[in-house]
Each structure stands twice: as structure tokens, then as C-alpha cells.
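Below, each chain spelled out in residue letters.
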Amino acid sequence: MASAGILLFVFTVSYITGSKAFVTVQCKPETTVQYGQKSLLECVVTTKQEATDLQIRVVTWKKEGVDDALLVFNRGKTTHMPGYSFAEPSWNDRNMNVSLLITNNAALQDEGVYTCVVMTYMGSASNRTSLKVTAKYRVPTIKAIPESINRNTEGTLVCTSDGGYPEGQLRWFDQDGMEWTKSAKMEVQKTENGLSHLTSRLTLLQGSIFSQYTCVVFNASGEKVDETIFVVPEPRKSPVPVPGGTDPTSKIVAPVVVIGSLIVGLLLAVLLYRKRTQRDHHVPRDESDAEEGDYQDTDKECHNSLA
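Residues numbered from 1 in each chain as written. Predicted model: local features only at pLDDT ≥ 70, side-chain atom pairs only at ≥ 80, totals over all residues. Heavy atoms only, no water.

Draft legend 1. Structural view of the pairing of strand β18 (residues 224-231). With seven bridges joining them, strand β17 (residues 212-218) and β18 adopt antiparallel strand pairing. Note on β18: the bridge partner recorded for V216 is E227. The antiparallel pairing of β17 with β18 creates a hairpin that spans five residues between the two strands, and G222 there sits at a positive phi of about 85°. (Pairing = 2+ DSSP bridges. Helix = DSSP H or I, 4+ residues; strand = E, 2+ residues; numbered from the N terminus.)

What follows is the structure, given as C-alpha cells:
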């Protein structure tokens, strides 16, 4: 309530003495700040040559749409809302720099028009300044639907970029620089913090697909922010048919099958031979002794005939 009364008093004095005042408040008309950074609203008090040794009695900063004053200096004492202060920490009533520092990280709700009112013993004056908040869009990303898209198939390229403010635009270009944005459909969604999420879908028709596409994100001023390139894969090449209708693959597989069959046949033959050999050498003991006796008789006969 006290700040509201001071503000009403200051505006009343400004209205009555403004035309005859020896002081003026000069402010930078517009300030643009990046989202998440501190803001500075620059205002200084100037005087005519006749006014010397000027002393400030009251300074009030107020934002349109906000009932309470953001900062008030009165009777040598400064009161302010959290996140607001004079730009110069050691400010006093002889300092003509009455700029306002917003120490909170800039958010979208900080945008708006601010009014600075100054009252001195020589008169009073006021001025307005506006604050704009911008946010840079992130590097766009491109996703293909389906993922196996190639130059001989139909599909869709989906480009997204977020984190920007104010509302920007996504535009499409082919490898020759020709623009295809009119063939795409863009959607804008607001996130919880008020920033924009951009999505653009470009439909690709079979037989009219280029080798690469570039998605470019532009800010609200039409300035290029960043881009991403998507290279469309070439279709897989099918095997070249051999004259006569023979499949090259079959020419490789058939010899392998034949060789494998021969190897198996040889292995079986070796196994059968070894079994037969083992069976032939397995002779009863008495037959072996009889044969050995026959051999001995034969040796004796041969010996006698020679004698």
C-alpha cells in the first residue's frame, strides 16, 4: 500500500510539473535479452544547464500489468522486489544512473513495458522502455519414416527443433538449393516454460526423391540459426542375372555340395575297409597252430631233399 501511495504521488507530481521541469529521464527504447540471462534496463537522469547539484528524492520502477512497484527509492531508503536492484550497487541520490538490473534469469514473463519515474527538488520526469526475451533454437534433427527409406521408396522426413522463442520456422532444401518448404507441413507446440517446439514433415514420393535434404531452422526475425543434412541411401543392388538363367549363387553352391558328398563317401569307404581288415586278421588259435605245423613239415622236406 505504501509503494502504491508513493507511486500515485510521483505520477501526480510528474503530471503537474513535467512541462516545466528542468530534468528528463532518457531510456534505451528497447532491450533484447537472451533467455536465461540477466537483464539491464538503461535509464539516466539529465538536467538543463541551469540545474546544478541535482539531488534525487524519489525513483520508482514499475512494470505494466504488475500492481506493486519493482523498486522504490524514497527518503534515502531503497526497497525492491526479489530479483530487482539498481544497476550500480553503490547507488545514491546524487547518482543520475537510475538503470534497473533484473538479476533473475530472464524468462518469458519478464517481457513487457517498464516505466521509470524520477522526482527531484527541481522537478520530476518519467520514461518508458520495453524488454524482449529471445531464445535460440537447438540444432534440428531429422528422422526418416520408415527408417529403411531409400531413393526408390516412399516415406516421410520429420525435422524437429525446440528451445526457441519467439516462434520460428523450419524450411527444407534439396542438394541443389531448391526449396521444398511448401510441400511440408509444420506444427508449433508450446512447452511448459513457454518456448516453442517446431516440427516439420516432408513427404517423399517414389521416383521424385533427391540424394539429400537439408532442414534449416530460422528465428522469428528470419535469420538462419542452424541446419541438419539428411542423405537418402541408395537402394540395395540385386544380384546381376547370368545369361542362360543361371543364378551366380547356384554356381558356387553346387560344387560345394558335390565336393562335400565325395568327402563323405571317401570317409565311409575308409571306415568299411578298416573294419574288414580287422575282421580278416582275427583267426582262431588252433587253426594258427595247425598252419604253423604245416609250415615246419614243409621246411623239413625241403632240407632233406637238398641233403
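Draft legend 2. View of the state of the cysteines. Applying the stated criterion across every chain, the model contains two disulfides. At a sulfur-sulfur separation of 1.9 Å, the disulfide partner of C27 is C43. On the S-S bond that ties C27 to C43, the torsion sits near 115°, and the link is right-handed. With C27 in strand β1 (residues 23-27) and C43 in strand β4 (residues 43-47), this residue pair connects regions lying 16 residues apart in the sequence. (Disulfide = S-S within 2.5 Å.)

Draft legend 3. Main features of the sheet that holds strand β15 (residues 184-190). Strand order across the open sheet formed by four strands is β12-β13-β16-β15, with antiparallel pairing between neighbours. Among the strands making up the open sheet, the edge pair consists of β12 (141-145) and β15. The sheet shows a mean angle of 20° between the axes of neighbouring strands, direction not considered. Inspection of the sheet shows β12 paired to strand β13 (residues 155-164) by five bridges, in the antiparallel sense. Residue A144 lies in a different strand from β13, and its bridge partner there is L157. (Axes fitted to C-alpha atoms, helices over the stretch in contact; angles between N-to-C directions.)

Draft legend 4. Inspection of the sheet that holds strand β9 (residues 100-102) at higher detail. The strand order across the open sheet built from three strands is β3-β9-β8, with neighbouring strands paired in antiparallel fashion. With one partner strand each, in any of the chains shown, β3 (39-41) and β8 (84-86) form the two edges of the open sheet. Put simply, the sheet's adjacent strands are angled 25° from each other on average, direction ignored. Inspection of the sheet shows β3 paired to β9 by three bridges, in the antiparallel sense. The partner of L40 across the bridge, within β9, is L101.

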